[in-house]
Amino acid sequence: MTLDYQSKSASKEPNRVVLIFASFFSACVIGISVGLFTVGFVGLVKDAEMWRVSGRADLESLSLALFSYQSVLLFGGMAVLIFIRRLFKVPRWHGPADVIYAAHSDISFLSIKTGGATIVSVFTSVLAGGSVGVYGPLVHLGALLSRLFHTVFRSTLFSQNMLIGCGVAAAISAGFNAPIAGMIFAHEVVLRHFSMRALAPIAIASIASFSVSSWIFEDVRWLYLDIDVPSILPLSPGLLLAGLFFGLIAVIIIRAQIGVSGWAAKSGLSDWMLGGIAVSVCSIVGFFVPESLGLGLAAIRDMLNLEFGLWALLILLITKIFLTAISTCLGFSLGIFSPALFSGAAAGGVVAYCVGLFGLPVSVPIFMVCGMAALSGAVTGAPIAVMVIIIEMTMSYELAVSTMIAVGTCSLITFSFGGHSLFDQQLLMRNINISGGRVALRLSEMKIDILAGKKYASVPEGITVESAAQILATNGYSEGYCLTASGELIGKINLQDLVRVPTGTLIESVLDKKPVQLISGTSVGQAIETAADFVGEAMPVISKTTGALIGVVSEADIFTAVLETQKLVTSLEKT
């Protein structure tokens, strides 16, 4: 018996080894593929930004030529974007919020058609001069390519959330030349859970992507600081105050995005009208402050080189927040990370100059970097990943440590007044709440209709109580439902009520005509709240359209669904 057992165990070991190597190989393929696409995509987008900026280099400020140049680009870009949306029948551009939802839900899936159109929209928006970002769409690009890998190879090695995690980590790793941050970002922002099995594939995908991008471009870091970082302790009071200011700005950014999106959804305006508003606003504001258009990478470098004073930085901060909300919510592509970096640098400069007026020690470039980390981390819900990005982008451990105070304070303020992140707020606008975790999300997606059973006692209208009692007793139920000939619910009867009234009494006199009931399409999550105050055998499920009884649901049915969902999620988060 012992030999047989050892033989069987040994025969299973090669399968595990093969599974491990297959998983590693798949993660490498995803990482390399995403890395190649990412560096190519980022390169094209940056070339588009450089072309747009170089085109206005010879134009005088506040001139008709500059206004015409920027207006034509914005209008042409918007026209192309509207054409793409109508051609591919894309109701809206996708972004990190959709990736997060897909990683938490089996219902949501990433459309390759919509995703492809979204990627094209980023390039078009940057070329036109819309105030958008490139790194947010990278998250969607990575998730989309990992889904394409699954579609092509029909791989079952990874669950959907692991597959998405590998793609996202690879995209961030190549986009920022930051493999550690890529792995952390995937866990912190997208998956929001940690498992030993998911750690290795995501790490391998991130490293593979980084290796490819480094091999092709050697060093793609765009943020360098040629300054000495002073002692952290003297800067701490100023950074603490700065963190409070950064938190306020982060809340303003999130609420501006949600406010403009909500207004656009309720306005009833066509895509041409909304796009026209975006083009007009960006053209007018960009005429006076052209640095606030586009990605703004050159402006960030100029800010770090202290080429702007206090009032110029304040104007850049206000206009960037305003134009980003208009651009991303009224027709141009999504993307908030780059605008958050821009706003963070401007906010850091503003608060540094103000704090310096009170005699506190400051370093303007360091405050700017802290602002970039604080705002981008708070708005995207990735404070830890962003701090690691700072380390890997600047190669300065001391600088990253100095950002911790500002990032922590900013994240606390943002979480208290603006929610977990902008992406969570965008999902809430679509009635998707992921703050309760995967169990609550899946229960909110599960419709009560699938639990509605057909085993119940029905009685016709107009019969006596003794006839109704006989029907219930024969079928073994303590409750029954009085229905019309077409199946519509008239009321609910209880066996105890039937035996308390005189014989010959019609059941209409003892019917509960307003019983606790559920409407078809109600989620199991909502049904749990309804069932909290329910006492009885079962609740009727009524058709929303016809009013007919389609089945009944007991508290045991709901409880079983909750337990099965918890087991499924527990199994998923172990993988």
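Up top you'll find the structure we're talking about.
Throughout, a residue's number is its position along its own chain's written sequence, starting from 1. Residues qualify for local features only when their pLDDT is at least 70, as the model is predicted, and side-chain atom pairs are given and counted only at 80 or more; totals for whole chains, interfaces and linings, by contrast, use all residues. As a rule here, side-chain values come from all non-hydrogen atoms in the structure, and water together with hydrogens is ignored.

## Focus on the overall build of the chain
We count it as follows: Here a strand is any run of E in DSSP of at least two residues, a helix any run of H or I of at least four, and the numbering for each starts at the N terminus. Whether a residue is buried, partly exposed or exposed follows from its accessible area with a 1.4 Å probe, protein chains only, as a fraction of its type maximum: under 20%, in between, or over 50%, in that order. Values of accessible area rely on a 1.4 Å probe in the Shrake-Rupley scheme; residue burial ignores everything except the protein chains shown. Positive: Lys, Arg. Negative: Asp, Glu. His and the chain ends are not part of the count. Note that the charge is assigned to NZ on lysines, CZ on arginines, CG on aspartates and CD on glutamates.
The number of helices and strands found in the chain is 22 helices and six strands. Seen along its three principal axes, the alpha-carbon backbone of the chain occupies a region of about 95 × 75 × 50 Å. Residues counted as buried form 54% of the 575 residues belonging to the chain. As presented, the chain carries roughly 25,500 Å² of accessible surface, and 66% of it is formed by carbon and sulfur atoms. With 33 positive and 36 negative side-chain charges, the chain shows a spacing of 5 Å between the two charge centroids.

## Some remarks on the pattern of salt bridges
For clarity, the cut-off: Should a side-chain nitrogen of Lys or Arg be within 4 Å of a carboxyl oxygen of Asp or Glu, the pair is scored as a salt bridge.
Summed over all chains, the structure comprises six salt bridges. As a salt-bridge pair, arginine 86 and aspartate 271 come within 2.8 Å of each other at their nearest N and O atoms. With arginine 86 in helix H2 (residues 64–87) and aspartate 271 in helix H10 (residues 271–288), this residue pair connects regions lying 185 residues apart in the sequence. Taken together, the salt bridges that share partners define one network made up of Arg92, Asp98 and Arg430.

## Description of empty space enclosed by the protein
Over the atoms, a rolled probe matching the size of one water molecule traces out where space is still vacant. Filter applied, for reference: Each cavity reported here is a set of points on a 1 Å grid over the protein atoms alone in which a 1.4 Å probe fits but cannot get out, each pocket an open set with protein on both sides within 12 Å along at least five of seven lines, and each lining residue one with an atom within 4 Å of a point. Grid points are joined across faces, edges and corners, and a volume is the space filled by probe spheres set on the points. Charged residues are taken to be Asp, Glu, Lys and Arg, nonpolar residues to be Ala, Val, Leu, Ile, Met, Phe, Trp, Tyr, Cys and Pro, and polar residues to be all remaining types, Gly included.
As enumerated under the stated definition, the model contains four cavities of 30 Å³ or more in all. In this structure, the largest cavity occupies an estimated 80 Å³ of space. Looking at the largest cavity, the residues that line it are Pro96, Gly136, Gln257, Thr328, Leu334, Gly335, Ile336, Leu422, Phe423 and Gln426. A class-by-class count of the residues in the lining of the largest cavity yields five nonpolar, five polar and no charged. Here the second largest cavity defines a volume of roughly 70 Å³. Forming the boundary of the second largest cavity are Pro96, Tyr135, Gly136, Val139, Ile172, Phe176, Phe185, Phe337, Thr380, Ile389 and Phe423. Elements represented by at least two residues in the lining of the second largest cavity include exactly helix H5 (135–153) and helix H6 (160–176). At three residues, H5 tops the list of elements feeding residues into the lining of the second largest cavity. A class-by-class count of the residues in the lining of the second largest cavity yields nine nonpolar, two polar and no charged.

## A closer look at the pairing of strand S1 (residues 457–460)
Selection rule: Strand pairing is defined by DSSP finding a minimum of two bridges between the two strands. Look down the strands so they point away from you; if going from the first strand over the helix to the second traces a clockwise path, that crossover is right-handed.
Because side chains alternate across S1, one face comprises the buried residues Ala457 and Val459, and the other comprises Ser458 and Pro460, none of which is buried. As paired elements, S1 and strand S2 (residues 479–483) share four bridges and run parallel to each other. Each residue of the ladder has a partner; that of valine 459, found in S2, is cysteine 482. Taken together, S1, helix H19 (residues 465–475) and S2 form a β-α-β motif whose crossover is right-handed.

## Overview of the packing of helix H12 (residues 310–329) against helix H13 (residues 337–356)
Put simply, the rule reads: Note on definitions: angles span 0 to 180 degrees between N-to-C directions of axes, and those axes are lines fitted to C-alpha atoms, for helices only across the stretch in contact. The cut-offs work like this: below 35 degrees is roughly parallel, past 145 is roughly antiparallel, 65 to 115 is roughly perpendicular, and the gaps in between are oblique. Put simply, a crossing is left-handed when the front helix is turned counterclockwise from the back one by less than a right angle, and right-handed when it is turned clockwise. We call two residues contacting when some pair of their heavy atoms lies within 4.5 Å.
Here H12 crosses H13 at 150 degrees, and the two axes come no closer than 9 Å. Here H13 runs roughly antiparallel to H12, going by the angle between their axes. With respect to the hand of their crossing, H12 and H13 are arranged in left-handed fashion. On the side of H12, the interface is formed by Leu310, Leu313, Leu314, Leu316, Leu317, Lys320, Ile321 and Thr324, while H13 contributes Pro339, Phe342, Ser343, Ala346, Ala347, Gly349, Val350, Tyr353 and Cys354. Classifying every residue of the contact of H12 with H13 gives 13 nonpolar, three polar and one charged.

## Overview of the packing of aromatic side chains
To keep things clear, this is the line we draw: When two rings of Phe, Tyr or Trp (its six-membered ring) have centres within 6.5 Å they constitute a pair, described as stacked for plane angles under 30 degrees, edge-to-face for angles over 60, and tilted for the intermediate range. Note on geometry: a ring has a charge over it if NZ (lysine) or CZ (arginine) is within 6 Å of the ring centre and within 35 degrees of the ring normal.
As enumerated under the stated definition, the model contains seven aromatic pairs in all. For the pair phenylalanine 176 and phenylalanine 337, a centre-to-centre distance of 5.2 Å together with 65 degrees between the ring planes defines the contact as edge-to-face. Residue phenylalanine 176 is found in helix H6, and its partner phenylalanine 337 is found in helix H13; the two are separated by 161 residues along the sequence. No difference in accessibility class separates phenylalanine 176 from phenylalanine 337, as the two residues are buried. Taking the centre distance of 5.0 Å and the plane angle of 75 degrees together, the rings of phenylalanine 287 and phenylalanine 288 count as edge-to-face. Judged by its relative accessible area of 15%, phenylalanine 287 falls in the buried class. Three or more aromatic residues joined by ring pairs make a cluster, and in this case those are Phe67, Phe287 and Phe288. The ring of tryptophan 93 carries arginine 85 above its face, with NZ or CZ at 5.9 Å from the centroid. Of note, lysine 320 hangs over the ring of phenylalanine 342, and the distance from its end group to the ring centre comes to 4.8 Å.

## As for the sheet that holds S2
Backbone-to-backbone hydrogen bonds pair the strands of a sheet. The strands run either parallel or antiparallel. An order of S1-S2-S3 is seen for the three strands of this open sheet, with the pairing classed as mixed. If you trace the sheet from one side to the other, it starts and ends with S1 and strand S3 (489–494), each paired once. This sheet shows a mean twist of 35 degrees between the axes of neighbouring strands, independent of strand direction. Lying over the sheet, H19 contacts S1, S2 and S3, oriented at roughly 160 degrees with respect to S1.

## Concerning the pairing of strand S5 (residues 539–542)
Residues Met539 and Val541 line one face of S5 and the alternating positions Pro540 and Ile542 line the opposite face, and both faces are buried. Pairing between strand S4 (residues 518–519) and S5: two bridges, direction parallel. Bridge pairing in S5 places leucine 518 opposite valine 541. Bridge analysis of S5 against strand S6 (residues 549–553) gives four bridges, and the strand direction is antiparallel. Counterpart to methionine 539 in the pairing with S6 is valine 553.

## Some points on the sheet that holds S5
The strand order S4-S5-S6 describes an open sheet built from three strands, whose pairing is mixed. A strand with exactly one partner marks an edge of an open sheet, and here the two such strands are S4 and S6.

## Examining the layout of surface pockets
By volume, the largest pocket amounts to about 660 Å³. Lining the largest pocket are 26 residues, and of these Arg92, Ser261, Thr328, Cys329 and Leu334 sit closest to its centre. Broken down by secondary-structure element, the contributors of at least two residues to the lining of the largest pocket are helix H3 (96–104), helix H9 (232–267), H10, H12 and helix H17 (422–429). The element contributing the most residues to the lining of the largest pocket is H9, with four residues. Split into classes, the residues belonging to the lining of the largest pocket amount to 13 nonpolar, eight polar and five charged.

## Comments concerning a nonpolar patch on the surface
Going by this rule: Residues enter patches when they are more than 30% accessible in relative terms and free of salt bridges; like-charged ones are connected within 9 Å and nonpolar ones (Val, Leu, Ile, Met, Phe, Trp, Tyr) within 5 Å.
A grouping of Ile32, Leu36, Trp215 and Ile216 is seen on the molecular surface, where their side chains present a nonpolar patch of about 430 Å² in accessible area. Put simply, the parts of the chain that give the nonpolar patch at least two residues each are helix H1 (2–55) and helix H8 (196–217). Relative to the helices and strands, tryptophan 215 is located in helix H8.

## As for unusual backbone geometry
Of note, lysine 89 is a non-glycine position whose phi angle comes to about 55 degrees, a positive value. Topologically, lysine 89 is positioned in the loop between H2 and H3. For lysine 89, a relative accessible area of 67% puts it in the exposed group. In the Ramachandran plot, asparagine 177 falls in the positive-phi region, its phi being about 55 degrees despite a non-glycine side chain. Within the secondary structure, asparagine 177 sits in the loop between H6 and helix H7 (179–191).

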